[in-house]
Number of protein chains: 2
Amino acid sequence: MIANTPKPPYIAAIFTSMRTNIEEGYEQINELLCKELGGFEGYLGHETFRDKNGFGINVSYWKDMESLKRWRDNTLHQKAQELGKEKWYKNYKLRICTVEMDYKFEK
Amino acid sequence: MIANTPKPPYIAAIFTSMRTNIEEGYEQINELLCKELGGFEGYLGHETFRDKNGFGINVSYWKDMESLKRWRDNTLHQKAQELGKEKWYKNYKLRICTVEMDYKFEK
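Residues numbered from 1 in each chain as written. Chains lettered and ligands numbered in written order. Predicted model: local features only at pLDDT ≥ 70, side-chain atom pairs only at ≥ 80, totals over all residues. Heavy atoms only, no water.

## What about the pattern of salt bridges?
Opposite charge on two side chains lets them pair, provided their charged atoms get close.
Residue and element names in this part refer to chain A.
Link 1 in the chain: Under the counting rule described, the total for this entry stands at 16 salt bridges over all chains.
Link 2 in the chain: Its salt-bridge partner being Lys63, residue Glu41 comes within 3.9 Å of it at the nearest N-O pair. Here Lys63 lies in the loop between β3 (55–62) and α2 (65–72) and Glu41 lies in the loop between α1 (26–38) and β2 (43–50), a separation of 22 residues in the sequence.
Link 3 in the chain: What makes Glu41 partly exposed here is its relative accessible area of 47%.
Link 4 in the chain: Salt bridges linked by common partners bring Glu41, Lys63 and Arg70 together as one network. (Salt bridge = Lys/Arg side-chain N within 4 Å of Asp/Glu carboxyl O. Helix = DSSP H or I, 4+ residues; strand = E, 2+ residues; numbered from the N terminus. Buried < 20%, exposed > 50% of the residue type's maximum accessible area, 1.4 Å probe, protein only.)

## A word on helix α2 (residues 65–72) of chain B
Link 1 in the chain: For α2 of chain B, every residue scored as buried is listed here: Met65, Ser67, Leu68 and Trp71 of chain B. Each buried residue of α2 of chain B sits inside an arc of 160° when the element is viewed along its axis, so together they form one side.
Link 2 in the chain: Structurally, α2 of chain B contributes buried residues whose contacts are with β4 (89–106) of chain A together with β1 (10–19), α1 (26–38), β3 (55–62), α3 (75–88) and β4 (89–106) of chain B. (Arc of directions from axis to C-beta. Contact = heavy atoms within 4.5 Å.)

The quantities given are spatial measurements derived from coordinates; they are silent on function.
As structure tokens, this is what we get:
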């Protein structure tokens, strides 16, 4: 689903990644992260994809840079970042952006 | 593949969309657009995904807002935008962002 974000400006974190073939703990921590995000102040939604080759993208949207920093420093998320580097990702790129404008089309 | 972008700041255009089931002309124009983008001044690369339900994301990266505006106004791209609304997309959201910082991890 297209994330239902408010009027710009807000923040987007574009996380593009290539997975290893290690599955251990990945789904479980993703579920926990999703729960934690549910009530997280300043979290606006996300859009996520992964293809069958393990290449994926996750764009999360945030009210402001402060909310995103609090998420970066969240204990569970810190643990996930650590395990991600150790086990789940071959490589990734995280891009932090200010959304300046947006345009919606609906039939 | 993760797009090989330069040091921030640069521009990201996040295009999240839901396709109709009309295929007519879609692949063909996408190929033409890719060719046109190849030599397009200011175009830095893109990352793209679509799932089996027709939900997709395409993030393209640009040197500056001027390059992206020239792409918006490109004749072939204008035609594609028109046909996209008419035929290929149920709905979409385009978000124009300034990438402020990025972080790369590689094993």
